[in-house]
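Structure assessment
The chain contents come next:
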Amino acid sequence: MSLKSYLNSAILRQILVSWMAMMAMLMPSTNAKCAFEAIFNFGDSNSDTGGFYSAFPAQPLPNGMTYFKKPTGRPTDGRLYIDFLAQALGLPFLSPYLQPIESDYRHGANFATSGSTVLLPNTSVFVSRTSPFSLAIQLNQMKQFKSRVDELNLTGRNNLPPPDIFGKALYTMYIGQNDFTSNLAAIGISGVKQFLPQVVSQIASTIKELYRLGGRTFLILNLAPISCYPMFLVELPHNSSDIDAFGCMTSYNNAVNEYNIMLKETLQQTRKDLSKANVIYVDTHTVLLDLVQYPTSHGLQHGTRACCGHGGGAYNFSPLIFCGYSTEINGRTITATACKDPQNYVSWDGIHTTEAANILLTNAILNGSYFDPPFPIHQFCDIQPIG
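Residues numbered from 1 in each chain as written. Predicted model: local features only at pLDDT ≥ 70, side-chain atom pairs only at ≥ 80, totals over all residues. Heavy atoms only, no water.

On to the environment of N159. Along the chain, N159 turns up in the loop between α5 (135-151) and β3 (169-174). Those residues in contact with N159, other than ones at most four positions away along the chain, are S103, D104, Y105 and R106. (Helix = DSSP H or I, 4+ residues; strand = E, 2+ residues; numbered from the N terminus. Contact = heavy atoms within 4.5 Å.)

Now the structure itself:
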């Protein structure tokens with residue numbers, strides 16, 4: 001065989017290997033055994049796999065650059081925690097409920113959209129990028145989904161789950177960040193605190209509604225350490241004395257901790273009200289805070305600096321231009337571009353985490369140390385390696 005032929009065949013083999021690896025990621029593992037045959041997810045951009053941009057296209061590059069090599073509606077360079085959770089349980093990636101083409105709901109659906117809030121929004125997506133698909137709307141979409149699954153059960157649709165799937169599914173909820181931050185700069189911490197009890201109450205009532213639909217196991221993720229995120233370090237008012245040794249804002253982090261305690265206590269009561277359900281509080285805040293504070297301990301380099309942004313400096317974030325977009329400043333067209341090594345960053349675009357951080361977050365969740373109460377997920381599923 002000539003050198004040229006050998007190289008061509010080697011390249012072809014590499015392409016085939018890469019393609020097979022991609023297919024393995026997308027398809028559920030045939031060897032994995034898991035009590036959860038589906039995931040139904042509710043949330044905001046932290047777990048949106050394409051819902052928002054199905055309704056309001058289109059997302060720009062370099063989003064998706066690391067794994068998918070194109071934008072998929074995920075606000076990161078690759079995969080989100082919900083993608084890795086599905087992979088760990090031997091399930092395919094969740095199709096967004098709002099995605100009209102190529103969706104497969106046999107193993108669940110994703111109702112999350114970027115910009116979503118727990119409470120009904122009082123503004124428009126065209127004004128503040130707040131999604132119209134609040135948690136109450138997502139719940140109504142879930143009810144409609146279940147109704148249609150029950151109705152179409154005998155029609156032979158091959159992209160829908162069986163009607164009994166709802167009692168065999170894992171229900172995940174990662175939402176509340178936009179309720180906390182959307183008016184934070186304008187009304188301050190004291191103003192935001194006034195309606196946080198309504199936020200946790202709405203989360204609890206949603207869990208109870210999902211329980212009536214058949215849900216029995218719920219993972220509820222708490223609020224991330226937004227006081228360490230580049231976007232908020234740039235936009236929220238603070239003085240130098242409020243910055244701790246790790247570069248985070250102490251006052252805002254204290255407020256986040258208060259909210260998380262309120263959420264945890266509310267879920268404790270919800271657990272008593274639903275004695276036959278597993279209602280699990282997931283402390284993602286502690287995991288992500290550790291990544292930000294000690295990035296090098298986790299194989300990363302940058303804790304409070306965005307990979308994709310504009311402006312350089314400590315945060316590489318400008319409120320005038322978001323990741324992948326262009327604008328004209330002083331007669332010049334400026335584009336917010338991505339770094340070449342997102343695998344070394346916690347923050348992708350100043351407000352969302354990178355794929356590298358999402359892998360670390362998901363592994364920590366699957367470890368079980370951040371569940372309250374303890375939940376033996378390994379007894380329910382043969383956890384598959386992720387990455």
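Next up on the list: the state of the cysteines. By definition, a disulfide links two cysteine residues through a covalent bond between their sulfur atoms. Throughout the structure, instances matching the rule amount to four disulfides. A sulfur-sulfur distance of 1.9 Å marks the disulfide that ties C34 to C381. With a gap of 347 residues between them, C34 in the loop between α1 (3-26) and β1 (38-43) and C381 in the segment after α13 (377-380) connect regions that are remote in the sequence. Across the disulfide from C308 sits C323; the S-S distance is 2.1 Å. The sign of the S-S torsion, about 90°, decides the handedness of the disulfide formed by C308 and C323: right-handed. Taken together, the residues span a long stretch of sequence, with C308 in the loop between β6 (302-306) and β7 (326-329) and C323 in the loop between β6 and β7 at a distance of 15 residues. Taking relative accessible area as the criterion, C308 reaches 1% and is therefore assigned buried. For C323, a relative accessible area of 6% translates into the label buried. Across the chain, the way the bonded cysteines pair up, counted in sequence order, is 1-8, 2-3, 4-7, 5-6. (Disulfide = S-S within 2.5 Å. Buried < 20%, exposed > 50% of the residue type's maximum accessible area, 1.4 Å probe, protein only.)

Core analysis: the biggest nonpolar cluster contains 94 residues, and F40, F180 and I203 have the highest contact counts within it. Tallying contributions element by element places helix α8 (residues 196-212) first for this core, with seven residues. If you look at the next biggest cluster of nonpolar residues, it comprises six residues, including C307, C308, C323 and Y345. (Core = buried A, V, L, I, M, F, W, Y, C linked by side-chain atoms within 4.5 Å.)

In the predicted model, the chain carries a mean pLDDT of 92, and the fraction of residues at 70 or more is 91%. Scored below 50 in pLDDT, residues 3-30 shows 17 contacts in the model against residues more than four places distant or in partner chains. (pLDDT = per-residue confidence, 0-100.)

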